[in-house]
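Working through the structure, step by step
Read off the chains here:
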Amino acid sequence: MLTEINFDGIVGPSHNYAGLSLGNIASASHAGDPSYPRAAALQGVAKMRGNLARLGVQGFLLPLPRPNRALQSALALDGSEPPQLRAAPWSASSMWTANAATVSPAPDTRDGRCHLTPANLVTMLHRAQEWPDTKRQLDIAFGDTKHFAVHDAVPPTFGDEGAANHMRLCESHDAPGVEVFVYGKTGGRFPARQHEQASRLVARAHGLDPARTVFIEQNPEAIAAGAFHNDVVAVANGPVLFTHAEAFTDQQAAYAAIRAAFPALEVVEVPASAVSLAEAIRTYLFNAQLLTLPDGSMALIVPEECRESAAVWSWVETMLAGNGPIRQVIPVDVRQSMANGGGPACLRLRVVCDPATVDPRFLLDDAKADAIEQVIATYWPEQIDPADLGSESLARTVQAARARLLEILLLNKLG
Ligand code: SUG
């Protein structure tokens, strides 16, 4: 039975605000703030618990080893470097697993396996270090080669940011879907992180049918307004595309291209007159998890920030009073992640597969959630100031915390 599993990134013990992501307005505006790794990780587990109760299945991926000693030595750090360079090997950015990989479920691929390509994330130094360690986890979690194929990342210089720029439309998970890749063009004030050729390469490597694959350009104005990934302005689930009206360069042409491959497309569009691009990016209305609940209805899991925005919440209430496909809007508190530009959707990687084919150590249940919470509450630092990054005693705390998590999950091998 194919089902959609959300694999959330457990927030690592080195979670901090170093302002590393140009074009990510939240990251820039919280640069230098103290962070609260313990609270951040507990917020993440609470979100997972909510979705486990709603959907009956939930997965997770682990924080990567930090500080990254190999990167530290490659950077020849001696104290004279800019603080942002010193911070990069400490980044907990792997929590945003929407950027871990692009996933093409088995019904879409030529060989009938689920294909995963880790994202190379080459645009940002602190993220470019992730993929080899991410791949090591994917190789274990999806090691059943009868059902999965895990590729290497796309070679540089083609930036690939994974599922954050990829959407799948389908009538049911086990039917062939239409995969939509959204890329950006360079030249604006902020980097366009997803290169068109990276998207096309992933589609070829996954063996997708060109008739069911669509490539769309992201609106440069959305990137300039702070939508550094497409999932900040659009999300899809089943036959539904929930999108801001200014997400794509040519919005109507984008709908037409998707509809040509997927006639059942249902668009839920939010006009700029109701929610401006700036407000959408500030509240992360679209960085939501659009879930199909067991009764077949859809729920949108949004950040708490949406409920606090008069414009967003008034649009939500009007939408719920109508008869569209989204029947519930559920706010969750992921404020620690939000302050670095990561909402509920950034924190999860969707994999459509049979849960029985996944290494069970990466699947959550209530007892495991209790145990993970216990480790976080005991070992995760309560607070990190960016000036602490570089300290050996913090390095030891962070390493011991992750080692304890790996130990209770029987994943020491990833050490
Ligand atoms: O790549 N933030 C991440 C946020 C990623 C959000 N993911 C999706 N939209 N899918 C990024 O910009 C901030 C790190 C810092 O500033 O310390 C950061 O990497």
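Located above this text is the structure these notes cover.
One structure accompanies this document, and this report is about it.

The rules behind these values
Numbering of residues starts from 1 in each chain and follows the order in which that chain's sequence is written. Whole-chain, interface and lining totals are the exception, using all residues; otherwise, since this is a predicted model, local features are given only for residues with pLDDT of at least 70 and side-chain atom pairs are given and counted only at 80 or more. Calculated side-chain values reflect all of the structure's heavy atoms, with hydrogen atoms and water omitted. Buried and open spaces are told apart on a 1 Å grid over the protein atoms alone, a cavity being a set of points where a 1.4 Å probe fits but cannot get out and a pocket being an open set with protein on both sides within 12 Å along at least five of seven lines. Residues with an atom within 4 Å of a point are the lining residues. Grid points are joined across faces, edges and corners, and a volume is the space filled by probe spheres set on the points. Basically, the charged four are Asp, Glu, Lys and Arg, the nonpolar ten are Ala, Val, Leu, Ile, Met, Phe, Trp, Tyr, Cys and Pro, and anything else, Gly included, counts as polar. Secondary structure elements follow DSSP: runs of H or I of four or more residues count as helices, runs of E of two or more count as strands, with numbering from the N terminus. If DSSP finds at least two bridges between two strands, the strands pair. An axis is simply a line fitted to the C-alpha atoms; with a helix, the fit covers only the stretch in contact. Between two such axes, the angle follows the N-to-C directions and lies from 0 to 180 degrees. Pairs of residues are marked as contacts when any of their non-hydrogen atoms sit within 4.5 Å. Here a residue counts as near a molecule or strand whenever at least one of its heavy atoms sits within 4 Å of it. For the purposes of these results, a polar contact is taken to be a pair of N or O atoms within 3.5 Å, where, inside protein, one atom must be able to donate a hydrogen and its partner to accept one; residues adjacent in sequence count only when each atom of the pair is a side-chain atom. Values of accessible area rely on a 1.4 Å probe in the Shrake-Rupley scheme; residue burial ignores everything except the protein chains shown. The labels follow the angle: roughly parallel below 35 degrees, roughly antiparallel above 145, roughly perpendicular from 65 to 115, and oblique for the rest. The hand of a helix crossing depends on one turn: near helix anticlockwise from the far one by less than a right angle means left-handed, and clockwise means right-handed.

Some details on the layout of surface pockets
- A volume near 350 Å³ is recorded for the largest pocket.
- What lines the largest pocket is a set of 16 residues, and nearest its centre among them are Thr3, Glu4, His173, Thr292 and Leu293.
- The residue makeup of the lining of the largest pocket, split by class, is eight nonpolar, six polar and two charged.
- Every residue lining the second largest pocket is counted, 15 residues in all, and those nearest its centre are Ile25, Ala26, Ile281, Arg282 and Met338.
- Taken together, the elements giving at least two residues each to the lining of the second largest pocket come down to helix 1 (25–29) and helix 10 (277–283).

A look at the sheet that holds strand 1 (residues 3–9)
- Reading across from one edge, 2-1-15 is the order of the three strands in this open sheet, with mixed pairing throughout. Looking at strand neighbours, the two that pair on one side only are strand 2 (59–61) and strand 15 (348–353), the edges of this open sheet. Strand-to-strand, the axes of this sheet are offset by a mean angle of 30°, without reference to chain direction.
- Bridging between strand 1 and strand 2 involves three bridges; their strand directions are parallel. For Phe7, the partnering residue across the bridge sits in strand 2 and is Gly59.
- Strands in contact with helix 2 (residues 37–55) are strand 1, strand 2 and strand 15; relative to strand 1, the strand with the most contacts, it is inclined by about 170°.

Thoughts on the sheet that holds strand 10 (residues 240–244)
- Taken together, three strands build an open sheet; the order of strands is 9-10-11 and the sheet is mixed. Since the sheet does not close on itself, it has two edges, and those belong to strand 9 (234–237) and strand 11 (266–270), each with one partner. When the angles between neighbouring strand axes are averaged without regard to direction, this sheet yields 15°.

Focus: the site of the ligand
- Taken together, 22 residues lie near the ligand, and Leu20, Ser21, His126, Asp231 and Cys346 sit nearest.
- The contact in question runs from an oxygen atom of the ligand to an N or O atom on the side chain of Ser21, over 2.8 Å.
- With the chains in place, 99% of the 490 Å² that the ligand exposes on its own is no longer accessible.
- For the shell around the ligand, a count of residues per class yields seven nonpolar, 12 polar and three charged.

Things to note about the packing of helix 14 (residues 366–379) against helix 15 (residues 392–408)
- Direction vectors running N to C along helix 14 and helix 15 enclose 165°, while the axes themselves pass 10 Å from each other. One way to sum up the angle between helix 14 and helix 15 is to call them roughly antiparallel. In this structure, helix 14 crosses over helix 15, and the sense of that crossing is right-handed. Residues Ala371, Ile372, Val375 and Tyr379 of helix 14 form the contact with helix 15, whose participating residues are Thr397, Ala401, Arg404, Leu405 and Ile408.
- Residue composition of the contact of helix 14 with helix 15, by class: seven nonpolar, one polar and one charged.

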